Every structure is written in structure tokens, then in C-alpha cells.
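# Coordinates in review
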Amino acid sequence: MSGKEGSGGFRKRKHDNFPHGQRREEKENVNPPSALMTSFKSFQLELDTRHDKYERLVKLSRDITIESKRTIFLLHRFTSAPNGEEILSESEVKLDAVRRKIKQVAQELIGEDMYQFHRAISPGLQEYVEAVSFQYFIKTRSLISVEEINKQLIFTAEDREETTNMTSNAHDKEPHTWSLKVTPVDYLLGVADLTGELMRLCISSVGNGDIDTPFELSQFLRQIYDGFTFIGNTGPYEVSKKLYTLKQSLAKVENACYTLKVRGSEIPKHMLADVFSTKTELIDQEEGLP
């Protein structure tokens, strides 16, 4: 019995020969305040700060996107509203709220290279360009330039507002003006998305009995499409992807103009929008669009 116990006992491991206190002392002998450890701690702090700022910018970009979409939905009511000026004034209030969000983005980017955080804020800026250009087109029937957009994104100290993400020391170091420039790529992508909203404006205007707007939109979209074709495949990859969608929007508006010109006298005005919607669905099915 005793022999079995001796043969079946647990084997001693090598590190069991050293007392636990000695192993703990060896771990503590690693020099924490060494130059290498100090450097890595500073790298860790820098990366954590950058990641936190990136996440804040992503959240602000989402807020900008949501408010810009709401502005676009509001502007689509312009053709059916009895008083269009109220719609435009209300949209201006919403765009001012979006610019206040963009101001927070500009404050976050003080002293930073914007292109390091460009992926975080690009979707919001594109949606803002789409909303501003849509409002500008309804007012002037022309396309807003990137210079005019950037002029609206220069903020002064008079309209400073409290931000929860800024400390008091950071506020003292801020300049008296802030600005955020929309890059040419973001501007082009926003204008490309604008064509889809103009296509929807064409269909809704026909449903409200406006026969002249589709032909005006057709010429305007043709000019935008010609401008994008000059860029072609030489521009950024995202721009070339938007070109196909732009072409589809132009085709739908031209199809609406063709129907108005050829069969406009045959179809009652209150049924024109249904005819265009049906033809648009057929075009999407033929080309495999969702």
C-alpha cells in the first residue's frame, strides 16, 4: 500500500525548487522606470488619446449625417408646401445646427493633421455638402462651389459654445477663429449624391403638376455628368464608383422628360408620377439594381 503511494505520488516540478518569495523578487527586479518602459508608456498614452479623439469625431460625423439627412427630407417638401419660404428658412436653421457640429469637429482638430482623421469625418462632410448644395439649387437653380461651402465653415469666437469634450486648458489655447475645409474629394462625392436627390425632386415635381422642372433638371444633371466624365478613372476610386449611380439618375430624369414630351398629353397630370415610378422600377430591374 505504501509502495503504491510512493510510486503514484506527484512529481516535483523544476520551479518548485525555488521558494515563491524568490520568484516574486525576481519579477520586481525588472526595472519599471527604465527609459524603455517610460517610452512605451508615453506611446500608450499618445495612442489612447488619438483613439479617443477618433471615436469622438466618428460620433460627431454620425450626428452631422443624421441632421443633414433630415434637412434633405425637409427640402423635398418644398415642391408640395404652400409656402416654400418657410421650408427654406427652416432648412437654414437645421443647417446652422449642423455647422455647430462641424465647429466641434474643427475644435477637435486644432493642432492635428486633418487627413489622419479624414476617414472618421468624411461621411458627415459628404452628407453636409449634399444638403447644402440641394438647398442652394432650390434657391438659385445652380451648383454651389467648394469655396462658398468653405466660407460657411469659418467660425469666430463670438459664437463659441461650451463643449463637454474640451478641458479649460484646451479652451485657453484655442485660436479666436476655427475653420474646417471640405476636401475636393468630399465635395465631388457630395455632388454625386446630390444627383439622386434631384432625380427624386423631378418625380415629385411632376406629381405636383410642375412640367418645366424635369427638363431643367435634365440639363443640369447632364452638365454634372459631363463634368464627372472628364475626371473618369483618373480621379479617386470613390468618385469613379459614384459615376455609375450618377448615370442612372440622369437616365431616370431623361426618361421622365421623354414621357412628358411624347405622352404628356395622353396621361392625366395626377397619374404622371405613378407612371414615372413604374418605369423607374423597370429600369432598376433590368440593370440589376436593388
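Keep in mind that this is a model prediction, so the values were computed, not measured. (Residues numbered from 1 in each chain as written. Predicted model: local features only at pLDDT ≥ 70, side-chain atom pairs only at ≥ 80, totals over all residues. Heavy atoms only, no water.)

## Observations concerning the packing of helix H4 (residues 84–108) against helix H5 (residues 118–140)
To describe two helices that pack against each other, one gives the angle between their axes and the distance between the axes. Relative to each other, H4 and H5 sit at 155°, their axes nearing to 11 Å. Classified by the angle between their axes, H4 and H5 sit roughly antiparallel to one another. The handedness of the crossing between H4 and H5 comes out as left-handed. Across the interface between the two elements, Leu88, Ser91, Glu92, Leu95, Val98, Arg99, Ile102 and Val105 from H4 touch Ile121, Tyr128, Ala131, Val132, Gln135, Ile138 and Lys139 from H5. Of the residues assigned to the contact of H4 with H5, the class counts are ten nonpolar, two polar and three charged. (Axes fitted to C-alpha atoms, helices over the stretch in contact; angles between N-to-C directions. Helix = DSSP H or I, 4+ residues; strand = E, 2+ residues; numbered from the N terminus. Parallel < 35°, antiparallel > 145°, perpendicular 65-115°, else oblique. Left-handed = near helix turned anticlockwise from the far one by under 90°. Contact = heavy atoms within 4.5 Å. Nonpolar A, V, L, I, M, F, W, Y, C, P; charged D, E, K, R; others polar.)

## Re the pattern of salt bridges
In the structure shown here, the tally under the stated rule is 13 salt bridges. Here Glu67 makes a salt bridge to Arg70, at a shortest N to O gap of 3.0 Å. Placement of the pair is Glu67 and Arg70 together in helix H3 (residues 35–75), with a separation of three residues, close to one helical turn. The class for Arg70 is partly exposed, based on a relative accessible area of 46%. The partner of Arg141 in a salt bridge is Glu216, with the nearest N and O atoms 3.7 Å apart. Taken together, the residues Arg141 in the loop between H5 and helix H6 (146–151) and Glu216 in helix H9 (residues 212–231) connect sequence positions 75 residues apart. Among the residues examined, Glu216 registers a relative accessible area of 36% and is labelled partly exposed. Ionic contacts of the salt-bridge type, sharing partners, join the residues Glu92, Asp96, Arg99 and Lys139 into one network. (Salt bridge = Lys/Arg side-chain N within 4 Å of Asp/Glu carboxyl O. Buried < 20%, exposed > 50% of the residue type's maximum accessible area, 1.4 Å probe, protein only.)

## Describing the state of the cysteines
A complete count under the given rule lists zero disulfides for this structure. No disulfide involves Cys202; its sulfur sits 5.7 Å from the nearest other cysteine sulfur, which is in Cys257. A relative accessible area of 0% places Cys202 in the buried class. (Disulfide = S-S within 2.5 Å.)

## Brief notes about the side chain of Thr195
Among the structural elements, Thr195 can be located in helix H8 (residues 184–207). There is a polar contact of 2.5 Å between the side chain of Thr195 and the backbone oxygen of Ala192. Every residue in contact with Thr195, bar those within four places of it in the chain, is listed here: Leu221, Ile224, Leu246 and Ser249. (Polar contact = N/O pair within 3.5 Å; in protein donor to acceptor, adjacent residues only side chain to side chain.)

## Considerations on the environment of His51
Position of His51 relative to the elements: it lies in helix H3. Measuring from C-alpha to C-alpha, the distance between His51 and Phe117 comes to 10.0 Å, with 66 residues separating the pair along the chain.

## Brief notes about the nonpolar core
Ranked by size, the top nonpolar core spans 56 residues in total, and within it Tyr128, Ile149 and Leu198 carry the most contacts. For this core, the secondary structure elements donating two or more residues are H3, H4, H5, H6, H8, H9 and helix H10 (237–263). Leu198 has contacts with Phe134, Phe137, Leu217, Phe220 and Leu221, leaving out every residue within four places of it along the chain. (Core = buried A, V, L, I, M, F, W, Y, C linked by side-chain atoms within 4.5 Å.)

## Details of the packing of aromatic side chains
If you walk through the whole model with that rule in mind, you get two aromatic pairs. Seen from their ring centres, Phe40 and Phe43 are 6.0 Å apart, and the 75° between their planes marks the pair as edge-to-face. Of this pair, Phe40 and Phe43 are both found in helix H3, three residues apart, which corresponds to roughly one turn of the helix. Given the relative accessible area of 53%, Phe40 is considered exposed. Between Phe137 and Phe220 the ring centres are 4.7 Å apart and the planes differ by 40°, which places this aromatic pair in the tilted class. Of this pair, Phe137 sits in helix H5 while Phe220 sits in helix H9; the two residues are 83 residues apart in sequence, bridging distant segments of the chain. Taking relative accessible area as the criterion, Phe220 reaches 10% and is therefore assigned buried. The ring of Phe215 carries the charged tip of Lys261 above its face, separated from the ring centre by 5.8 Å. (Phe/Tyr/Trp six-rings, centres within 6.5 Å; stacked < 30°, edge-to-face > 60°. Lys NZ or Arg CZ within 6 Å of the ring centre and 35° of its normal.)

## Let's talk about the packing of H3 against H5
For the pair H3 and H5, the least separation of the axes is 8 Å and the interaxial angle reads 20°. If you check the angle between H3 and H5, you find them roughly parallel. Seen along the crossing, H3 lies across H5 with a hand that is left-handed. When H3 is examined against H5, the residues Tyr54, Leu57, Val58, Ser61, Ile64, Thr65, Ser68, Lys69, Thr71, Ile72 and Leu75 are found in contact with a partner set consisting of Arg119, Ala120, Ile121, Pro123, Gly124, Glu127, Tyr128, Glu130, Ala131, Phe134, Gln135 and Ile138. The class makeup of the residues in the contact of H3 with H5 is 13 nonpolar, six polar and four charged.

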